Amino acid sequence: MSKKTYPFKFLDAYTREDHKFFFGREDETRLLYEMIFQSDIILLYGASGTGKTSLIQCGLANKFQTHDWLPLFVRRGKNLNESLEEALRKVEGEEQNLTSDLEWLDEDLNSPATPRKPLSPIARRLRAVYLRFFKPIYLIFDQFEELYILGTKTEQEEFIQTVKEILRVEQPVKIILTLREEYLGHLYEFERAVPELLRKKLRVEPMNLDKVKTVINNISESKESNVRLQTGEEDKLAGAIFEKIKGEEKTLSIPLPYLQVFMDKLYLLATGDDTRQADAVITRETLNAAGDIGDVLRDFLEEQVQQIAIKHSESPASVWKILSHFVTLEGTKEPLSRQNLFDRLAGVSEKLIENILQSLLTSRILRYSENEDRYEIAHDSLARQIHEKRTDEEIAILEVQRLIRSQVALHAGVREYFTEKQLLFIEPYLEKFKLKDEEREWIEKSREQVKKQKEEEALRHQQQLAEAKKRNLRLRALLAVAGVALVFALVMAVFAQKALSDRKKSNGEVVNLILENANDQILNLEYEEAVKTIHSAAKLKAGESKVAQSYLEMAFWHGETGDTARATTLLDSAALLLEKPVVSSSSLRDAIKNLDSVWYRHLMEKYYPVMVAVEGGSFYMGCDSTIDKNCFPNEILHLQEVSSFQMAKYETTVWQFALYCKANNFDIKDYLEPTWNDPGNNPVVNVRWYDAVDYANWVSRQMGVAEAIAKDTADNYSVNLRGGYRLPTEAEWEYAAKGGIHHSPFVYSGSNDIDSVGWYGKNSNGRTHPVGGKNPNALGLYDMSGNVWEWCWDWAAVYPVSLEKDYQGPVSGSYRVLRGGSWFSTSQYCRVARRDYDSPEYRGYNLGFRLALSPPV
Amino acid sequence: MNEIRKITELLRKMIAADQLKEVMSVLQQLLEGSPLLNDVVILSGQYEGLEKNTRLGTILRENARVEKNTIMNALTGLVNELEENYQLYPVIQENGKNYLQTPESRVLGYTFNEHLTRELITAIKPYAPAAQRFLDKVALISDWESKPQINDKAKEIIAYSFVGVIGVQLGKLMAIGKEDFTADKPKTYVEKCLHIARQSFDLILFSMFSRLWDEMKKRPLTLPEETRKLIRKRLDHLKGPELDEQFALLINLYPVLLDINSELHLPEIEAMEVHLNEGTELHQAVKNLQKLSQRLEQEPLELADCAEAETQLTVLLSHFSFLVSYRMASIKNISYRQARHNEPAYIHHFAALGIDSKANKDAEKSIYTQDTAHTDAVLLYKGDHYQDCIVLSPFVIDYNALTFEGGSRICFYQLQPMEEELLEYLFLEDNSIVNLEFKGIQKADTNLGDLVMNKETYRMFNLDCVVSQFQEARRCLLGDALNFDDL
């Protein structure tokens, strides 16, 4: 005869082993099990206390044989994504790095010629877990609402991406989410990203009278239960228990924790055995002895808190205060580590906290998870009760803590300072809890920021007045001076006079102002004027190193355009200011380098392309519909391979192209958009494909490498991919745009958010923008999406069907490929997979290019 | 001495296979009463501490590896000591003898699925390029079967290669093999072997029924009495199929199909004709599995039975290895499209069946084609396209497709309890029964348009169709009519 055991779980969930006492959920279990074979993601939702976790841990678990499922329960812990990784890592066992002779184990041996798409870390981990057990994996995210109550936006977004990846893996993996129904609305973003999320969902209803009767009567009849109802009175007693728990509430159902706690109370009344070994018979008398029970949970809590307070010679308020930290502002559970609690209860003895924690565990109000090293309230129903006991001040402190934590949780780079209003709100409570150093520093910085903002505002008023005055003075100077040369002298005089008289500026500051003016002129390609401005600055005998740098830039520019004589004069001026000799035997570039090597490097990067090494590899070219929902028919996904090469970090700028024009006696104005007043750091536009390849060969010559592009007598162009500077092939362009070996899974180059990486129709204000103004992609390449369309080497054609290495496109055609979209485009055109083409003769105010180079340095 | 050597050899193998916990458990039993026991107890403590630290992440991975190696070396030393100086410890010899009498000692000689994996990966080689490549890769690796990473790869290839539902079941067999040993494990394992054997037979037999039915619809055929008897036995059975009866049916059906049409739907069966006789290795395997089946409910099974079941299943699946070149799909629905002045076309929405198939709607695939296909059908086919396929319905159904649900719920016809006027299908995932009762939703005056407008009546209509089709097929194959036909 089997041993009788206590059938109730108090506030714990039922598990697989408790199936003999798990009643009243047969329909829900069957439905849930059926859903498992209808969808890979299932949502189980319901009010708090309806037994969602038990339904999975006991109901569903018993539908499976052990080899049919590998359940992995994941709670949020500190971060849901990290907890998932940790849960998988634990079952994955020791990570076994494959030795080089076993790397083939990771290959798809069905078609080894096609390399397996690189597996994401989560997919790799799931594969490892599956191979270890060969069981379908069930990822069960219990109390999923914690992600929305305690998680950050970034954590939520990352989790959605992870789920999308999980749903794509080859192994049998299913996801079950349990959620309190009041948080259903929070799934809006999730459902948009994963439409199947809500296709299979099951609501767990609270238990009504019939179900409660089923539970109690079945337990009473079970031969393995040590609790039974008085024979002959079962139905009436079950009904009376339901009514007692329901009390005055006009409801047709009761939460299960209430039933569990009340049944426990009845058991103790009947037996007095807190080891719960003795057999109990619940009678009408037992029920009457329970008296008018009111709110079962509240009574239970208050009774326990009272006892704990007496035990530790503390006031009940102190115990409530500790408990309060385990409950969120919304009245839900908030798991905390011991250290978290110590930090929050600054000033309270750690020993006392330890002792009270222990008592709360013993009284089953708290639960401890060894895996996560965290304590939490045993059930959300208790959390709500604790929440209701809070004072206004406690609530205010929690609000302040949440505000501080949410702000400081952001990366310092994107974090905002507390506003003056927020500081006013938080200041009175700061001494009532312990702040982390980072939080304290941020509050301090916010105070300074508020102070600084006030000062700046005052200063801005002053400056606005000064600016107005400055403009009047400049205007007066311009009108007064007849010749261009005098303008600069007068400007200098005005600046100097203004500096000396009105603002008491030093000569150095005046020089800075003049050089700023020169820089503006350089930005606008007015090099001749800039030289004159720099001369003016030189006369002030201040800021010599900066003036010298300006001279060096002018020398560099003239030297690169072929005007060596002028360059030498300017170089001498710089050397004079720096009080360094010019090495007469060296080349102009070397001479500049000798005078200021850092500045020389800056100039090379300003006037010639900065190349980024791109490690070669194979990749899926075309549009991956799992990433991008706007695939075009001509963007067929196919495998391509490219050798290592280099790609220009930025699109070719006006500065760079103007240098080429000057050196070759072309007029840069032919390439500038008349109405734009193109600054030098904008990408050059109106460039024909032929201009771009000619520029590339010129850069090769300038850099002392062999030309990569050749033209035969019939005007047919050919490219040597191992030669010098050139246009990238279409495959190279797309490979680089997709992040090369990083295989970034984004719609645009570097992000799924076009605004963060590119200038396009909606944010460009109808024109190009300085290169590098948006975020780069994983390779550090800027503006691969948007700003200007970029010419590629290839003739436009449909993609090749077979795997090609370093494919250069067909040998002939009518149109050359364009990639990346422009300031004029809708976001669709800026997708990394998007292809366009035009006649190589075509010029447009949205067409530019960037260079490529092989072999890599 | 022999006993000790036998045990020590196996212990070394277990150390190499990283089964340190198990080694320590065996050693503790062997060394009970000897001074060496303390060493094992200390090592066990160390190992448990190491496992805990690893679990809590309080030890660097590198250090954990070093510590584990130290424990492995110490265990190897103990095993060597045991082998070399066992005569110094008479108690060990006695323990050794006793230990070999225990059921768990049988675990030492047997590793679940090792034999099956080694044999099947070779058997499926002609049909599965992945298996061929795998064998090329391991050609120079001695004893690859004992290397978990390589062995798992072989298992993965087998489970992913075998046709649809059979591959899924093989995956489960691998899962059972990997579970910790419990008293129930032998029974669960043998049961799964038997299921796989029966379902493999059924898959072939159902495809033959399907073919035969198609032929008999075209021209009148009278089947030999013995064949009819066997078909009746399978279709009108009041119990599930028995392996020996399935084998007998296969032997009888094969020449019938050969006679009526030279083009078999499963042409590979022709190549195994010599095995379709009594007394062949295949027949012996069937008989042995049948014996195990009879013992299943009567007596507790042991590891030796698992080894036996595995060996016999391996023989059977090696003969049916051609199933690897087949695939299965379930037609979820078919829509029709014809733009003005354009050719009409059908859009077939179907779900591939196998371990890697997903249950989501998004995982279903579509074909835009001018070809027609049977709606709600489960198909068996070769290559990438199912146009030339064997329709397995109504013998095999996808319950979810019939009831407009996502995912697949593949069920094999099991039996028909005559008195209840329903058909029983077996849901392969958990061997639960799915009953299909004829509701007669379509009456003489039913407007079919109205009927399909309501999802619930449409579902019932679909399920009724399965029952009707089954009866039609049955009537045709048997050439007679029973009471159930008149539903």
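Calculation notes
- Residues numbered from 1 in each chain as written.
- Chains lettered and ligands numbered in written order.
- Predicted model: local features only at pLDDT ≥ 70, side-chain atom pairs only at ≥ 80, totals over all residues.
- Heavy atoms only, no water.
- Helix = DSSP H or I, 4+ residues; strand = E, 2+ residues; numbered from the N terminus.
- Buried < 20%, exposed > 50% of the residue type's maximum accessible area, 1.4 Å probe, protein only.
- Contact = heavy atoms within 4.5 Å.
- Areas by Shrake-Rupley, 256 points an atom, 1.4 Å probe, with all protein chains shown as cover.
- Pairing = 2+ DSSP bridges.
- Patch = residues over 30% accessible without salt bridge, like charges linked within 9 Å, V, L, I, M, F, W, Y side chains within 5 Å.
- Salt bridge = Lys/Arg side-chain N within 4 Å of Asp/Glu carboxyl O.
- Lys, Arg positive; Asp, Glu negative; His and termini not counted.
- Charge placed at Lys NZ, Arg CZ, Asp CG, Glu CD.
- Disulfide = S-S within 2.5 Å.
- Polar contact = N/O pair within 3.5 Å; in protein donor to acceptor, adjacent residues only side chain to side chain.
- pLDDT = per-residue confidence, 0-100.
- Phe/Tyr/Trp six-rings, centres within 6.5 Å; stacked < 30°, edge-to-face > 60°.
- Lys NZ or Arg CZ within 6 Å of the ring centre and 35° of its normal.
- Core = buried A, V, L, I, M, F, W, Y, C linked by side-chain atoms within 4.5 Å.
- Buried area = accessible area lost by both parts, 1.4 Å probe.
- Nonpolar A, V, L, I, M, F, W, Y, C, P; charged D, E, K, R; others polar.
- Axes fitted to C-alpha atoms, helices over the stretch in contact; angles between N-to-C directions.
- Expected span 1.5 Å × (residues − 1).
- Arc of directions from axis to C-beta.

This next bit is on the overall build of chain A. Secondary structure summary: chain A contains 30 helices and 24 strands in total. Looking at chain A as a whole, 52% of its 857 residues are labelled buried. Long-range pairs, those at least 24 residues apart, make up 71% of the contacts in chain A with a sequence separation of at least 6. In the structure as shown, chain A presents an accessible area of about 39400 Å², 50% of it carried by carbon and sulfur atoms.

This part covers the sheet that holds strand E20 (residues 804-805) of chain A. All names here are of chain A. Read across the sheet, three strands follow the order E13-E14-E20 without closing on themselves; strand pairing throughout is mixed. In this open sheet, the two strands that pair with only one neighbour each are strand E13 (617-621) and E20. In the sheet, strand E14 (residues 638-642) pairs with E20 via two bridges, with the strands oriented parallel. Across the sheet, the residue bridging to Gln 640 is Glu 804, located in E20.

A few words on a negative patch on the surface. Residue and element names in this part refer to chain A. Among the surface-exposed residues, Glu 516, Asp 520, Glu 526 and Glu 529 lie close enough to one another that they form a single negatively charged patch. Note on placement: Glu 529 falls in helix H22 (residues 527-539). Overall, Glu 529 belongs to the partly exposed group, its relative accessible area being 32%.

Once that is clear, we can look at the pairing of strand E15 (residues 645-648) of chain A. All names here are of chain A. On E15, burial covers both faces: Phe 645 and Met 647 on one face and Gln 646 and Ala 648 on the other are all buried. Two strands pair when backbone bridges link them, and strand E12 (residues 611-614) and E15 are joined in this way by four bridges, in the antiparallel orientation. Across the sheet, Val 612 pairs through a bridge with Met 647, a residue of E15.

Here we take up the state of the cysteines. According to the stated counting rule, one finds one disulfide over all chains in the structure shown. The thiol sulfur of Cys193(B) is not disulfide-bonded, and the nearest other cysteine sulfur, from Cys306(B), lies at 7.6 Å.

Tracing the backbone shows Lys200(A) in the loop between helix H7 (188-193) and strand E5 (201-204). By relative accessible area, which is 16% here, Lys200(A) ends up buried. Within the local environment of Lys200(A), its side chain forms a polar contact with the side chain of Gln38(A), the two groups lying 3.2 Å apart. At 2.7 Å, the side chain of Lys200(A) and the side chain of Glu405(B) are in polar contact. Ignoring anything within four residues of it in the chain, the contact list for Lys200(A) reads Met35(A), Gln38(A), Ser39(A), Ile41(A), Ile42(A), Leu43(A) and Glu405(B).

Our focus in this paragraph is the environment of Pro224(B). Residue and element names in this part refer to chain B. Within the secondary structure layout, Pro 224 lies in the loop between helix H11 (185-218) and helix H12 (225-235). Taking the relative accessible area as the measure of exposure, Pro 224 reaches 41% and is therefore partly exposed. Measuring from C-alpha to C-alpha, the distance between Pro 224 and Asn 252 comes to 9.0 Å, with 28 residues separating the pair along the chain.

A separate point is the confidence of the model for chain B. Residue and element names in this part refer to chain B. Taken as a whole, chain B shows an average pLDDT of 85; of its residues, 93% reach a score of 70 or greater. Strand E6 (residues 396-398) holds the highest mean pLDDT among the elements of chain B, 95, whereas helix H6 (residues 105-108) holds the lowest, 58. The complex prediction reports pTM at 0.63, with the ipTM value standing at 0.79.

Residue and element names in this part refer to chain A. Applying the stated criterion across every chain yields a total of 60 aromatic pairs over all chains. For the ring pair Trp 676 and Tyr 845, a centre distance of 6.1 Å and an interplane angle of 10° mean the geometry is stacked. Of this pair, Trp 676 sits in the loop between helix H27 (654-663) and helix H28 (689-703) while Tyr 845 is found in the loop between strand E22 (835-838) and strand E23 (847-848), placing the two residues 169 residues apart along the sequence. For Trp 676, a relative accessible area of 11% gives the class buried. Judged by relative accessible area, which is 32%, Tyr 845 ranks as partly exposed. In this arrangement the basic side chain of Arg 816 is found over the ring face of Trp 795, its NZ or CZ atom lying 3.6 Å from the centre.

This part is about the nonpolar core. In this structure, Leu139(A), Phe144(A), Phe190(A) and Phe134(B) are the most contacted members of the largest nonpolar core, which totals 171 residues. Top element by residues in this core is H11(B). It accounts for 16 residues. In this view, Phe134(B) contacts Trp104(A), Leu109(A), Ile121(B), Trp144(B), Ile150(B), Lys153(B), Ala154(B) and Ile157(B); residues no more than four positions away in its chain are not counted. One finds Val510(A), Ile514(A), Ala555(A) and Leu570(A) within the second-largest nonpolar core, a separate group that totals 74 residues.

So, about the interface of chain B and chain A. At the interface, 45 residues of chain B touch 45 residues of chain A. Here chain B meets chain A over a buried area of about 3900 Å², counting both sides, of which 48% is carbon and sulfur. For the interface between chain B and chain A, the tally reads four salt bridges. At the junction of chain B with chain A, the criterion picks out 10 residue pairs in polar contact (both at pLDDT 80 or more). Elements supplying a minimum of two residues to the side of chain B that touches chain A: helix H3 (37-56), helix H4 (61-84), helix H8 (129-138), helix H9 (148-161), helix H10 (164-178) and H11 of chain B. Broken down by element, the side of chain B that touches chain A gets its largest block of residues, eight residues, from H9(B). Across the side of chain B that touches chain A, the residue classes break down as 14 nonpolar, eight polar and 23 charged.

All names here are of chain A. Pairing in this open sheet of four strands is antiparallel, and the strands run E12-E15-E24-E18 from one edge to the other. Two strands close off the open sheet at either side, each with one partner strand: E12 and strand E18 (725-726). Relative to strand E24 (residues 852-853), E15 is paired through two bridges, and the arrangement is antiparallel. By the bridge assignment, Met 647 is partnered in E24 with Ala 852. Contacting E12, E15, E18 and E24, helix H29 (residues 730-737) crosses the sheet at an angle of about 75° to E15.

On to helix H21 (residues 507-523) of chain A, then. All names here are of chain A. With 17 residues, H21 extends 24 Å from end C-alpha to end C-alpha; this agrees with the ideal 24 Å at 1.5 Å per step. Regarding H21, the residues found buried are Val 510, Val 511, Ile 514, Leu 515, Ala 518, Gln 521 and Ile 522. Down the axis of H21, the sector holding all buried residues measures 135°, keeping them to one side. Taken from the residues just after H21, Leu 525 is the one with a positive phi, measuring 65°.

Once that is clear, we can look at helix H8 (residues 209-221) of chain A. Residue and element names in this part refer to chain A. Over its 13 residues, H8 extends 18 Å from the first C-alpha to the last, a length consistent with the 18 Å expected when each residue adds 1.5 Å. For H8, every residue scored as buried is listed here: Val 212, Lys 213, Val 215, Ile 216, Asn 217, Ile 219 and Ser 220. Contact partners of the buried residues in H8: strand E6 (207-208), strand E7 (227-229), helix H9 (234-246), strand E8 (253-254) and helix H10 (256-271). Where H8 begins, the capping side chain belongs to Asn 208, and its oxygen is found 3.2 Å from the backbone nitrogen of Asp 210.

Residue and element names in this part refer to chain B. Across the junction of Ser 393 and Pro 394, the peptide omega takes the value 5°, indicating a cis bond. Phi is positive for Asn 113, close to 70°, though the residue is something other than glycine. Looking at the secondary structure, you find Asn 113 in the loop between H6 and helix H7 (114-123).

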